[in-house]
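Analysis of the macromolecular model
Chain by chain, the residues:
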There are 2 protein chains.
Amino acid sequence: MIVLDYRDKRPLNEQVAEKIMNLIAQGGLSPGEKLPSVRNLAVDLSVNPNTVQRAYSALEEKGYITTVTGRGNYVSEERNWKEGLKSEMLTEVRAVIGKAKSAGIKLDEALTCVREVFERD
Amino acid sequence: MIVLDYRDKRPLNEQVAEKIMNLIAQGGLSPGEKLPSVRNLAVDLSVNPNTVQRAYSALEEKGYITTVTGRGNYVSEERNWKEGLKSEMLTEVRAVIGKAKSAGIKLDEALTCVREVFERD
DNA sequence: ATGAGTGTATTAAATGTCTTAATACAGTTA
DNA sequence: TAACTGTATTAAGACATTTAATACACTCAT
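Structure report, in brief. Fair warning: this is a prediction, and the values are worked out from it, not measured in the lab.

Calculation notes
Residues numbered from 1 in each chain as written. Chains lettered and ligands numbered in written order. Predicted model: local features only at pLDDT ≥ 70, side-chain atom pairs only at ≥ 80, totals over all residues. Heavy atoms only, no water. Near = heavy atom within 4 Å. Polar contact = N/O pair within 3.5 Å; in protein donor to acceptor, adjacent residues only side chain to side chain. Nonpolar A, V, L, I, M, F, W, Y, C, P; charged D, E, K, R; others polar. Contact = heavy atoms within 4.5 Å. Buried area = accessible area lost by both parts, 1.4 Å probe. Salt bridge = Lys/Arg side-chain N within 4 Å of Asp/Glu carboxyl O. Helix = DSSP H or I, 4+ residues; strand = E, 2+ residues; numbered from the N terminus. Least-squares fit on C-alpha atoms with pLDDT ≥ 70 in both.

Taken together, 25 residues surround DNA strand D, and among them Leu12(A), Asn13(A), Asn50(A), Arg39(B) and Asn73(B) come closest. The sugar-phosphate share of atoms of DNA strand D within 4 Å of the protein amounts to 63%. In this structure, Asn13(A) approaches DNA strand D through a side-chain N or O atom, which is 2.8 Å from a phosphate oxygen. For DNA strand D, a phosphate oxygen lies 3.5 Å from a polar atom in the side chain of Asn40(B). Of the residues contributing to the surface near DNA strand D, the split by class is five nonpolar, 15 polar and five charged.

Rendered as structure tokens:
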């Protein structure tokens, strides 16, 4: 389900959260679907349960999953996270484009670059 | 010349390097111009000389500055860093746009977002 | 009710990176 | 020669991440 990258310098809990978030955003995990338990996923990833729990807490905070004590974690309905996700993405895009602009990238170059990414299948 | 942001969680040496890189890329520092000495900048920023040195080493590695032992650090000619900078920026743009795409952002939304950033003065 | 499985919380220790500090050495320049 | 440059090394501290070992509360099937 998930593969961690130990060359990546970001914290493991962030990596776990992001990878699950991506799965949810792309439909690899559907609303209502149950996630692995904290302990099971920890074993799968060869990681401490605390690390998984921090990932799950972050995901719940952002509305991607719903936690029920004693039962488990479930993927939330799209309406709970779709808007937040989009605005988060657009904020990131603005930051990077602003950086590219001040580094001398021209509007046309940026637009072409964006189109190329979207043309990829 | 530079103001550090202690809320930023990135290492100080990276922040210093990036801010100087931005100054160079935007012409705030011109090719041939001399940079503050390691020790002076360290005092200005209330930071350890080692921290500044690491920033300068990184900048030299990427071709933004030229180091002459005993003399100081000087901004390199544009040809030494312009292409590298542009390709680095485009790589970042591709990464973020790819992420935004897989999160459900549409091509038109991305293009509009990019244009808006460039319309800002 | 009991037991297995769930999420949650706490505390301590280990680890690794960043940063500081104190030096030392080598090259340049007035 | 003196004062400035960059470079290198070692030690110590601060800090965040991660692990580890527990403990507690809730849910569910039996």
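Each side of the interface is counted separately: chain A has 30 residues, and chain B has 30 residues. Counting each side, the surface lost to burial between chain A and chain B is near 3,500 Å², with a carbon and sulfur contribution of 72%. Ranking the residues of chain A by area buried against chain B places Lys99(A), Lys101(A) and Phe118(A) at the top, with a combined share of 18%. Our enumeration of links across chain A and chain B arrives at five salt bridges. Between Lys99(A) and Glu92(B) there is a salt bridge, and its shortest N-O distance comes to 3.0 Å. Scanning the region where chain A abuts chain B turns up seven residue pairs in polar contact (both at pLDDT 80 or more).

Residue and element names in this part refer to chain A. For asparagine 73, the position within the fold is in strand β2 (residues 72–75). Here threonine 67 takes part through its side chain, which lies 2.6 Å from a polar atom of the side chain of asparagine 73. Non-local contacts of asparagine 73, meaning those with residues more than four positions away in its chain, are made with Glu33, Lys34, Leu35, Tyr56, Ile65, Thr66 and Thr67.

For DNA strand C, the set of nearby residues contains 25 residues, the closest of which are Asn73(A), Leu12(B), Asn50(B), Thr51(B) and Arg71(B). The contact atoms of DNA strand C, taken as those within 4 Å of the protein, divide so that sugar and phosphate hold 59%. One of the side-chain nitrogen or oxygen atoms of Arg39(A) is found 2.9 Å away from a base nitrogen of DNA strand C. If you list the elements that add at least two residues to the surface near DNA strand C, you get α2 (38–45), α3 (49–61), β1 (65–68) and β2 of chain A together with α1 (12–25) and α3 (49–61) of chain B.

For the rest of this paragraph, the subject is the relation of the copies chain A and chain B. Overlaying chain A on chain B yields an RMSD of 0.2 Å, the required transformation being a rotation through 179 degrees with an accompanying axial translation of 0.0 Å. One copy is carried onto the other by what is essentially a two-fold rotation axis. For chain A, the smallest separation between a C-alpha atom and the rotation axis is recorded for Leu111(A), amounting to 3.2 Å. A symmetric contact is evident, with 100% of the interface residues of chain A recurring at the interface of chain B.

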